[in-house]
Amino acid sequence: MQKSALQEFEAKLVLHERGEALLKKSIEEARRAGYLQSRKIRVALDTTPILGKGAVKDTYNLLAEGIEQLACRLAELKGETGGTWAERQGLSRYFASSLKGEAAIDWDDKKQREEVVDGDCAGCPRLLGWADQAQAAHPEQAERLRGGRPAATLDRAGCGGEAGGGCQIKSGTEKDRVVSVEDPEMRHGRKSASKRFNGHKAAVAVDMESQLIGAVEVLAGNAGDQEESVGVGATKPSG
């Protein structure tokens, strides 16, 4: 079998949510063939990084891209192009190739950076409010408007309000920070103290005696190995 054929087959399993059913069937067959003798098995658990395909951007461009994509969703409902609708709403600057790259400011100047963030954050509640109104009028578009990628980005992009008004980039990295509009489930993860990745984790439970895989789960990239993967072997059927 060619590698491309296997990849296509695996993709179809994921698309039609048949991967777990195939794994269960494989375990049943392994038990029938005598590879699994006992109802109780000892498993080894491990995780491995899965690199995400979504483009990872800094908070400035992440917000801009989230605003752009949500604006395009709202424009579709009005029968307009995203650019035309955004221009009427004063949001054209978010349709630039790079908000950060085209902002004519001194990025070493904290005050000027804060002004850019204030402008971005000020537009988010207004846009999300329009999305709520559009969702009420078009409930069939709920997933695209509020549950989809742009809204998730605007809700959790790493900005926070200040006591005196305005917004700022939060110091450090939020644990559950969205890192990509294309894939809002991607997270910053660490395989070790020195090795960081952006994406997800695959958690695998293997029977110690037969070496057969008994359960597989995809975890968030920032999920702790000690906390999250323990439930994989316990919650997934083992035959």
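What you are looking at is a predicted structure, and each value in this text was computed from that prediction instead of being measured. (Residues numbered from 1 in each chain as written. Predicted model: local features only at pLDDT ≥ 70, side-chain atom pairs only at ≥ 80, totals over all residues. Heavy atoms only, no water.)

What's the story with a nonpolar patch on the surface in this structure? I'm lost.
Taken together, L6, F9 and L22 make up a surface patch of nonpolar side chains, about 260 Å² in accessible area. Structurally, L22 can be placed in helix α2 (residues 19-32). The exposure class of L22 is partly exposed, given its relative accessible area of 39%. (Patch = residues over 30% accessible without salt bridge, like charges linked within 9 Å, V, L, I, M, F, W, Y side chains within 5 Å. Areas by Shrake-Rupley, 256 points an atom, 1.4 Å probe, with all protein chains shown as cover. Salt bridge = Lys/Arg side-chain N within 4 Å of Asp/Glu carboxyl O. Helix = DSSP H or I, 4+ residues; strand = E, 2+ residues; numbered from the N terminus. Buried < 20%, exposed > 50% of the residue type's maximum accessible area, 1.4 Å probe, protein only.)

Even after reading the chapter, I still don't get helix α1 (residues 3-15), so can you show me in this structure?
Note on helix geometry: an α-helix contains 3.6 residues per turn, so any two residues three or four positions apart are oriented the same way. Helix length check: α1, at 13 residues, gives a terminal C-alpha distance of 18 Å against a target of 18 Å (1.5 Å per residue), a fit within 8%. Directly beyond the C-terminal end of α1, a positive phi value near 55 degrees is found at E17. (Expected span 1.5 Å × (residues − 1).)

Could you clarify how one ought to interpret the nonpolar core in this entry?
Note on soluble globular proteins: their nonpolar side chains tend to be buried together. Counting residues in each nonpolar core, the largest one holds 17 residues, and the members touching the most others are I67, L70, L74, W85, L91, Y94 and L127. At the level of elements, α3 (59-78), α4 (82-88) and α6 (110-137) are the ones that each hand at least two residues to this core. Sort the elements by how many residues they give to this core and α3 lands first, with seven residues. Leave out the neighbours within four places in its chain, and L74 touches W85, L127, W130, A131, A134 and L145. (Core = buried A, V, L, I, M, F, W, Y, C linked by side-chain atoms within 4.5 Å. Contact = heavy atoms within 4.5 Å.)

How should I be thinking about the pattern of salt bridges in this particular structure?
Note that side chains of opposite charge can pair when their charged atoms are close. Counted by the stated rule, this structure contains five salt bridges. A salt bridge links K24 to E20; its shortest N-O distance comes to 3.9 Å. With K24 and E20 both in helix α2, this residue pair falls four residues apart, about one helical turn.

I would appreciate a short explanation of the environment of L212 in the present structure.
Within the secondary structure layout, L212 lies in the loop between β5 (196-207) and β6 (213-220). Residue classification places L212 among the partly exposed residues on the basis of a relative accessible area of 31%. In sequence terms L212 and Y35 are 177 residues apart; their C-alpha atoms lie 8.6 Å from each other.

Could you clarify how one ought to interpret the pairing of β6 in this entry?
For a regular strand, side-chain orientation follows a simple rule: the groups alternate between the two sheet faces. Where β5 and β6 come together, seven bridges link them in antiparallel fashion. Bridging from a neighbouring strand, V206 pairs with I213 of β6. Hairpin geometry of β5 and β6 is characterised by an intervening segment of five residues between the two adjacent antiparallel strands and by a positive phi of about 70 degrees at Q211. (Pairing = 2+ DSSP bridges.)

Got a minute to help me understand α3 in this structure?
An ideal rise of 1.5 Å per residue puts 28 Å on 20 residues; α3 measures up with 29 Å between its terminal C-alpha atoms. Most of α3 sits inside the fold, with 15 of its 20 residues counted as buried.

Would you mind showing me how to read the packing of aromatic side chains here?
What describes a pair of aromatic rings is the distance from one ring centre to the other and the angle between the planes of the rings. The full count for this structure, using the stated rule, is one aromatic pair. Residues W85 and W130 carry aromatic rings whose centres are separated by 5.6 Å and whose planes lie at 85 degrees to one another, so their mutual orientation is edge-to-face. One end of the pair, W85, is in helix α4; the other, W130, is in helix α6, and 45 residues separate them in sequence. For W85, a relative accessible area of 5% translates into the label buried. Note on W130: relative accessible area 24%, which makes it partly exposed. (Phe/Tyr/Trp six-rings, centres within 6.5 Å; stacked < 30°, edge-to-face > 60°.)

When you look at the confidence of the model for the protein in this model, what are you seeing that I'm missing?
Residues shown with low pLDDT carry predicted positions that ought not to be read at fine detail. Averaged over every residue, the pLDDT of the protein is 78; the share at 70 or more is 78%. Within the model, pLDDT remains below 50 along residues 235-239, and this stretch shows 16 contacts once partners closer than five positions in the same chain are excluded. (pLDDT = per-residue confidence, 0-100.)

Would you mind showing me how to read unusual backbone geometry here?
Most peptide bonds adopt trans geometry, and most residues besides glycine take a negative phi value. One non-glycine residue, E17, adopts positive backbone phi at about 55 degrees. Structurally, E17 can be placed in the loop between α1 and α2. Judged by its relative accessible area of 69%, E17 falls in the exposed class.

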